[in-house]
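Geometric and topological summary
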Amino acid sequence: AQGTSEYAWLFDYTDGCTNFGCNTSDSSNPGYWTSTRRVDDSTYAWFVIKGGSLYDEHVNSTGNGVRPVITISKSNIS
């Protein structure tokens, strides 16, 4: 691994992500879907891959995961 990324949680559990600073790799998961489709082409949605990059993928693609987390700002927690 090349060291821990500040944003490692965004791409943890993706295939080969330890080379990009994640904490845990999962060879069965190429990446995670986001909930957002492309504005100009709704047949594509945004997808996070092993390096933390965001790119568009056709919505009919199979084998991709869904990240079961939410992010809450510290200012919203008392």
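Now for a description of the structure that goes with this document. (Residues numbered from 1 in each chain as written. Predicted model: local features only at pLDDT ≥ 70, side-chain atom pairs only at ≥ 80, totals over all residues. Heavy atoms only, no water.)

Moving on, we get to the state of the cysteines. Two cysteines whose sulfur atoms are joined by a covalent bond form what is called a disulfide. A complete count under the given rule lists 1 disulfide for this structure. What pairs with Cys17 in a disulfide is Cys22, and their sulfur atoms sit 1.9 Å apart. What sets the handedness of the Cys17 and Cys22 disulfide is the S-S torsion sign, and at about 65° it is right-handed. Each of the two residues, Cys17 as well as Cys22, counts as buried. (Disulfide = S-S within 2.5 Å. Buried < 20%, exposed > 50% of the residue type's maximum accessible area, 1.4 Å probe, protein only.)

Here the focus is the pattern of salt bridges. As enumerated under the stated definition, the model contains 2 salt bridges in all. We note a salt bridge from Arg38 to Asp40, for which the minimum N-O separation is 2.9 Å. Its relative accessible area of 62% is what places Asp40 among the exposed residues. One salt bridge connects Asp56 with Arg38, and the closest N-O pair in it is separated by 2.4 Å. You can see Asp56 sitting in strand 3 (residues 54-58) and its partner Arg38 sitting in the loop between strand 1 (31-37) and strand 2 (44-49), a full 18 residues away along the chain. Its relative accessible area of 24% is what places Asp56 among the partly exposed residues. (Salt bridge = Lys/Arg side-chain N within 4 Å of Asp/Glu carboxyl O. Helix = DSSP H or I, 4+ residues; strand = E, 2+ residues; numbered from the N terminus.)

To continue, consider the sheet that holds strand 4 (residues 65-66). Strand order in the open sheet formed by 4 strands is 3-2-1-4, and the pairing between neighbours is mixed. Each end of this open sheet is capped by a strand with a single partner; those strands are strand 3 and strand 4. Looking at chain direction, strand 2 and strand 3 are connected through 5 bridges and run antiparallel. Residue Val48 lies in a different strand from strand 3, and its bridge partner there is Leu54. (Pairing = 2+ DSSP bridges.)

Once that is clear, we can look at the pairing of strand 1. Judged from the 4 bridges that link them, strand 1 and strand 2 form a sheet pairing that is antiparallel. Paired with Trp33 across the strands is Phe47, a residue of strand 2. Two successive antiparallel strands, strand 1 and strand 2, enclose a turn made up of 6 residues. The pairing of strand 1 with strand 4 spans 2 bridges and is classified as parallel. Pairing of Tyr32 across the sheet is with Gly65, part of strand 4.

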